[in-house]
Amino acid sequence: MKKTGSEIFLESLKRQGVKHIFGYPGGVVLNIFDMLYDDKNIELILTRHEQGAVHAADGYARSTGKPGVALVTSGPGATNTVTGIATASMDSIPMVVFTGQVPTMLIGNDAFQEADIVGITRPCTKYNYLVKDVSDLAETIAEAFHIATTGRPGPVLIDLPKDVSVGKVEPVYPSSVKIRSFNPTVEGNPWMIKRAAHEIEKSKKPVIIAGGGVIHSEASKELKQLAELTEIPVTTTLMGLGAFPGTHKLFLGMPGMHGTYYANKAIQASDLLISVGMRFDDRVTGKIAAFAPNAKIIHVDIDPTSIRKNVRVDIPIVGDAKRILADMVAAVKKETKKQWGEIRKSWLKEINKWKKQHPLEYEYSDEVIKPQFVIEKLYELTKGNAIISTEVGQNQMWAAQFFKYNKPRTWLSSGGLGTMGYGFPAAIGAQLAHPNKIVIDIAGDGSIQMNIQELATAVINKLPVKVAILNNRYLGMVRQWQELFFKERYSHTGLDVVPDFVKVAEAYSAVGLRAEKPSEVEPVIKEALKTKAPVFMDFVCDWKEKVYPMVPAGAAIDEMLLLEKEEKKEKKRKLKAVK
Amino acid sequence: MRHTISCLVENKFGVLSRVAGLFSGRGYNIESLSVGETLDPAISTMTIVTSGDDQIIEQITKQLNKLIDVIKVVDLVEVEHVEREMVLVKVNPKKENKAEVLRLTEIFRGRVIDSSQKTYTVEITGDERKIEAFIELMKPMGIKEFMRTGKVAIARESIKPK
Ligand SMILES: Cc1ncc(C[n+]2csc(CCOP(=O)(O)OP(=O)(O)O)c2C)c(N)n1
Ligand SMILES: [Mg+2]
């Protein structure tokens, strides 16, 4: 029987196991929306901005591993998705975005609400399609899901002209997808794996750097096996948080610009870096020429272009992290039956010395709320059992440093693009996928205002997302740079009018709570966690607080600025006065 | 160093802009690009001339391979191959140079494919050096304009009996 494009669209999504779409309607997608009106299997979550829809689909994907789906109209609806798509692209998030398009016969005519979204998103999608004929629709959708989820994941966009969603055809749903030009390598080269095992055996100061790829490939178990078997300390990039237990004794925290002292020291001193599913972003490496100067580098990645893009690599292994880590464990076991504990003793001792010298720290105050204290309290009161999303800025870095992520898919943060406004809609998407989990967006007062309208989405869909606003009345991270490198010239970083977030929450029929003193932090969090509704927690924080350690731009990662405690500063001031 | 990269791609709408976008988006330069159908009309071949150090060329070939519509990528530096390019040169020589233009055309095994009262249009095929040499020699004769096709290249077959 013939079906309309809209019917084929819905049936195709069902076949992909889709239960939720995030979206926003408009003229050219009316037919599809009409089908969704009484569909029993697929629910559309109406966001309040298309960017919110895409970030929500992204949060849904990151927290479940399943592709997120968004549906928007043509023109402005489509262009509003671009930031969300670019965010997903930079972090390799599987997603399929459907945009409406003007009828095929009008394409190219500058028709009302026409935008060349396929052209606009070409560089920020893994692939994209303009469907010109309804008879191609079923196959295109199946291909899109295949591409989005296979190999290195990523967003795929499908542009659907109005006449395609209205047109009729006898659909043929492909049972499987094969694309002759798209066959990512999964299995690692056995010879390289053997060499890697050999290097692991030889090395005295090895470090594992794990990235988001370990999470995408569900390889946490294998990573832990390798680390524990060979007693190798593990650092995870921002994208890799949760891939290795944050409370594990071999865990070093995050490396790079705001990484821990000991992770950066360990990398610089190491003789072997085992990098898995990470891409040596400049925020991780600092000055490339001075990065890990003594280390041989093993680089495992599903994407060959990640290898040797930024750093020299001694042992490249292209393939799926899960398979390769398992193979490496087997290879190491076969090569040797060493007493690893004994062998690693002095290396781990050296690292522990660094851990003691400069742990992650801040100066607690009784008078003013320190943002790091809020995060420690969130960790303590949730016992770490929460999905945390973040905005971008200081809030994101403190959330990365002071909360401990023991499980994959509990940390949702825009790493590659660094998108302010990501965290709140992402939390909404994650909450929808995990109705019984605590989901908290750790936010800045600047970032939360970028998608604050999504509070309506949370309220109406009864998604009890919690937002912890670290309110410093500044675009804090930028202010920090101005303080350190621009002579405290705070050009346009003061948010002179910050809305009353409690009233904002109330205006949306959500709950607003405020803490102004350190003693109020715990009661506010407890109250929020009890509340079965979306809550904005407004933590009025010390505006002067900075994120440390910090590697200045262009410096090597062991050239860190560290927290100077007040007593030390006081001593220095006195010394200066004496002189 | 200069490399000639040959790619087989799906003959689909948008492929050219994906390839061109890859180069412009990542700051690689394209010196020339030519596209044509293959025996299988669903597949096109692209010959791209680009330059860069080994790391850049490695990235370019990997990035090309990563494009969903690219089926196969060969860096011809690694393969014995022959390559050709064509140029059409329109010259308007002074009267006393007309014979010289025709003589040079003959030496280069070219052909005059159009002529008017004042101009000759000459077709030359060859490798890059030959094309460039011809253009150099024509310059003093008065080149009005020229059009180059960009390079096409193909791997050599072994002549050893099997
Ligand atoms: C969409 C977007 N615009 C601008 C920036 C640049 N930027 C990075 S951090 C930051 C400040 C964020 O302020 P806030 O949300 O209050 O966080 P804080 O650093 O104060 O914790 C800005 C403007 C960005 N990352 N994203
Ligand atoms: Mg702020």
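In this text, all values refer to a predicted model and were calculated from it rather than measured experimentally.

Asks: How would you sum up the overall build of chain A? Please name residues and give values.
Replies: The helix and strand tally for chain A stands at 23 helices and 19 strands. In terms of overall size, chain A behaves like a compact globule, its C-alpha atoms giving a radius of gyration of 25 Å where 579 residues would be expected to give roughly 25 Å. Counting all 579 residues of chain A, 58% fall into the buried class. Taking as baseline every contact in chain A between residues at least 6 positions apart, the subset at least 24 positions apart corresponds to 76%. In the form shown here, chain A has an accessible surface area of approximately 23,800 Å², with 53% of it arising from carbon and sulfur atoms. Averaging the coordinates of the 75 positive side-chain charges in chain A and doing the same for the 65 negative ones gives two points 7 Å apart.

Asks: Would you mind going over the overall build of chain B in detail, with residue names and values included?
Replies: A tally of regular secondary structure across chain B gives four helices and nine strands. For chain B, the N- to C-terminal ordering of α and β elements is β-α-β-β-α-β-β-α-β-β-α-β-β. Here the C-alpha coordinates of chain B stretch approximately 55 × 45 × 35 Å along the principal axes. For chain B, with 162 residues in total, the buried portion stands at 40%. Considering only intrachain contacts with a sequence separation of at least 6, the fraction spanning at least 24 residues in chain B is 72%. Per element, the accessible surface of chain B, about 9,600 Å² overall, is 54% carbon and sulfur. Taking the average place of the 25 positive charges on the side chains of chain B and the average place of its 24 negative ones, the gap between the two points comes to 4 Å.

Asks: Lay out the sheet that holds strand E17 (residues 466–471) of chain A with the relevant residues and their values.
Replies: Residues and elements named next belong to chain A. Taken in spatial order, the six strands line up as E15-E14-E16-E17-E19-E18 in an open sheet, and their pairing is parallel. Single-partner strands in this sheet number two, and they are strand E15 (411–412) and strand E18 (511–515). Of the pairings in the sheet, the one linking strand E16 (residues 439–444) to E17 comprises five bridges and is parallel in character. When the bridges of E17 are listed, Ala443 appears paired with Ile469. Strand contacts of helix H18 (residues 423–433): strand E14 (387–390), E15, E16, E17 and strand E19 (535–540), with the helix running at about 180 degrees to E16, the strand carrying the most contacts.

Asks: Outline unusual backbone geometry, supporting the account with residue identities and numerical values.
Replies: All names here are of chain A. In this model, Tyr548 is joined to Pro549 through a cis peptide bond whose omega is -5 degrees. Residue placement: Pro549 occurs in the loop between E19 and helix H23 (566–578). For Asp110, which is not glycine, the phi torsion reads 55 degrees and is therefore positive. Along the chain, the position of Asp110 falls in the loop between strand E5 (95–101) and helix H6 (117–121). Look at Glu218: it is not a glycine, yet its phi comes out positive at around 55 degrees. Relative to the helices and strands, Glu218 resides in the loop between helix H10 (212–216) and helix H11 (220–230).

Asks: Give me the lowdown on the domain arrangement of chain B, citing residues and values where you can.
Replies: Residue and element names in this part refer to chain B. Looking at chain B, the domain boundaries give domain 1 (2–79) and domain 2 (82–153). The straight-line distance from the C-alpha centre of domain 1 to that of domain 2 is 29 Å. Listed as interface residues are eight residues of domain 1 and, on the opposing side, seven residues of domain 2. Both sides of the domain 1 and domain 2 interface together cover about 520 Å² of buried area, and 46% of this is carbon and sulfur. Among the residues of domain 1 in contact with domain 2, Arg2, Ser34 and Thr47 are the three that bury the most area, contributing 51% of the side total. On inspection of domain 1 and its partner domain 2, the count reaches one salt bridge. A salt bridge links Glu128 to Arg2; the nearest nitrogen and oxygen atoms lie 2.0 Å apart. At the boundary of domain 1 with domain 2, the tally comes to three residue pairs in polar contact (both at pLDDT 80 or more). Counting only elements with at least two residues in the side of domain 1 that touches domain 2, the list comes to strand E1 (2–10), strand E2 (30–37) and strand E3 (43–51). Examining the composition of the side of domain 1 that touches domain 2, we find that three residues originate from one element, E2, more than from any other.

Asks: Please set out the site of ligand 1 residue by residue, giving values where relevant.
Replies: All names here are of chain A. The local shell around ligand 1 holds 17 residues, among which Gln394, Gly446, Ser447, Gly476 and Met477 are the closest. The separation between an oxygen atom of ligand 1 and a polar side-chain atom of Asn472 is 2.9 Å. One of the backbone nitrogen or oxygen atoms of Tyr474 is found 3.0 Å away from an oxygen atom of ligand 1. Compared with its free state, where it exposes 590 Å², ligand 1 has 76% of that area covered by protein. Sorting the residues of the shell around ligand 1 by element identifies helix H17 (394–402) and helix H20 (476–485) as the ones contributing at least two each. When residues in the shell around ligand 1 are grouped by element, the largest group, three residues, is from H20.

Asks: Can you tell me about the pairing of strand E4 (residues 68–72) of chain A, naming the residues and giving the values?
Replies: Residues and elements named next belong to chain A. Burial within E4 is extensive, with five of its five residues counted as buried. Side chains of E4 alternate between two faces, with Gly68, Ala70 and Val72 and Val69 and Leu71 buried alike. Two strands pair when backbone bridges link them, and strand E2 (residues 20–23) and E4 are joined in this way by two bridges, in the parallel orientation. Pairing of Phe22 across the sheet is with Ala70, part of E4. Pairing of E4 with E5, which is carried by five bridges, proceeds in the parallel orientation. Residue pairing across strands places Val69 opposite Val96, the latter belonging to E5.

Asks: Talk me through the interface of chain A and chain B; I want residue IDs and the actual numbers.
Replies: In this assembly, 19 residues from chain A lie in contact with 20 residues from chain B. Here chain A and chain B share an interface that buries about 1,600 Å² over both sides, 46% of which is from carbon and sulfur atoms. On the surface where chain A and chain B come into contact, there are three salt bridges. The salt bridge involving Lys66 of chain B is made with Asp303 of chain A; its shortest N-O contact spans 2.6 Å. Taken together, the links from chain A to chain B amount to twelve residue pairs in polar contact (both at pLDDT 80 or more). Broken down by element, the residue count for the side of chain A that touches chain B peaks at three residues, all from strand E6 (residues 127–130) of chain A. Grouping the amino acids of the side of chain A that touches chain B by side-chain chemistry returns seven nonpolar, four polar and eight charged.

Conventions adopted
Residues numbered from 1 in each chain as written. Chains lettered and ligands numbered in written order. Predicted model: local features only at pLDDT ≥ 70, side-chain atom pairs only at ≥ 80, totals over all residues. Heavy atoms only, no water. Helix = DSSP H or I, 4+ residues; strand = E, 2+ residues; numbered from the N terminus. Rg over C-alpha atoms; globule rule 2.2 N^0.38 Å. Buried < 20%, exposed > 50% of the residue type's maximum accessible area, 1.4 Å probe, protein only. Contact = heavy atoms within 4.5 Å. Areas by Shrake-Rupley, 256 points an atom, 1.4 Å probe, with all protein chains shown as cover. Lys, Arg positive; Asp, Glu negative; His and termini not counted. Charge placed at Lys NZ, Arg CZ, Asp CG, Glu CD. Pairing = 2+ DSSP bridges. Axes fitted to C-alpha atoms, helices over the stretch in contact; angles between N-to-C directions. Domains from an automatic or database assignment. Buried area = accessible area lost by both parts, 1.4 Å probe. Salt bridge = Lys/Arg side-chain N within 4 Å of Asp/Glu carboxyl O. Polar contact = N/O pair within 3.5 Å; in protein donor to acceptor, adjacent residues only side chain to side chain. Near = heavy atom within 4 Å. Nonpolar A, V, L, I, M, F, W, Y, C, P; charged D, E, K, R; others polar.

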